[in-house]
Amino acid sequence: MSIAFEIFIWLIVDTGLSFLFYSTGWLLLKVVTFGLYKSEFKDFASYKASKARRVDLTFLVGFGFYVALIAVMAYLSH
């Protein structure tokens with residue numbers, strides 16, 4: 001495969017995973033704070049358009065959730 005095609009595939013994967021982490025973090029913040037977290041959910045198109053190289057709270061919460069989930073699954077498998 002060409003390098004350009006591989007870069008294209010990884011950009012698609014990066015965008016999809018970052019949106020998954022963002023949406024999971026947003027949902028967890030809404031549930032944990034009982035709806036007091038005042039942030040509007042962005043759909044995929046507006047998220048992709050406004051995506052910057054900064055890391056925000058919702059992304060970190062979503063990423064941390066999946067890291068914790070993998071750690072718990074690894075711990076329970078032993």
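Conventions and cut-offs
- Residues numbered from 1 in each chain as written.
- Predicted model: local features only at pLDDT ≥ 70, side-chain atom pairs only at ≥ 80, totals over all residues.
- Heavy atoms only, no water.
- Phe/Tyr/Trp six-rings, centres within 6.5 Å; stacked < 30°, edge-to-face > 60°.
- Helix = DSSP H or I, 4+ residues; strand = E, 2+ residues; numbered from the N terminus.
- Buried < 20%, exposed > 50% of the residue type's maximum accessible area, 1.4 Å probe, protein only.
- pLDDT = per-residue confidence, 0-100.

As annotated in an unreviewed UniProt entry, the protein chain carries the name Nitrite reductase, large subunit, NAD(P)H-binding and comes from Pseudoalteromonas distincta.

K.L.:
Sorry, what's going on with the packing of aromatic side chains here?
P.N.:
Counting across every chain of the model gives six aromatic pairs. Consider the rings of F21 and Y66, whose centres lie 5.7 Å apart with planes at 45 degrees: the pair is tilted. Here Y66 lies in helix α3 (residues 57–76) and F21 lies in helix α1 (residues 3–32), a separation of 45 residues in the sequence. The partly exposed category is assigned to Y66, whose relative accessible area is 25%. Consider the rings of F59 and F63, whose centres lie 6.4 Å apart with planes at 5 degrees: the pair is stacked. With F59 and F63 both in helix α3 and four residues apart, the pair spans about one turn of that helix. For F59, a relative accessible area of 22% translates into the label partly exposed. By the ring-pair criterion, three or more aromatic residues cluster together here, those being F21, F59, F63, F65 and Y66.

K.L.:
Whenever I open this one, the confidence of the model for the protein chain confuses me. Can you help?
P.N.:
Low pLDDT means the predicted atomic positions in that stretch should not be read closely. Mean pLDDT over the protein chain works out to 85, with 92% of the residues at or above the 70 mark. The least confident element of the protein chain is helix α2 (residues 44–50), whose mean pLDDT is 75; the most confident is α3, at 93.

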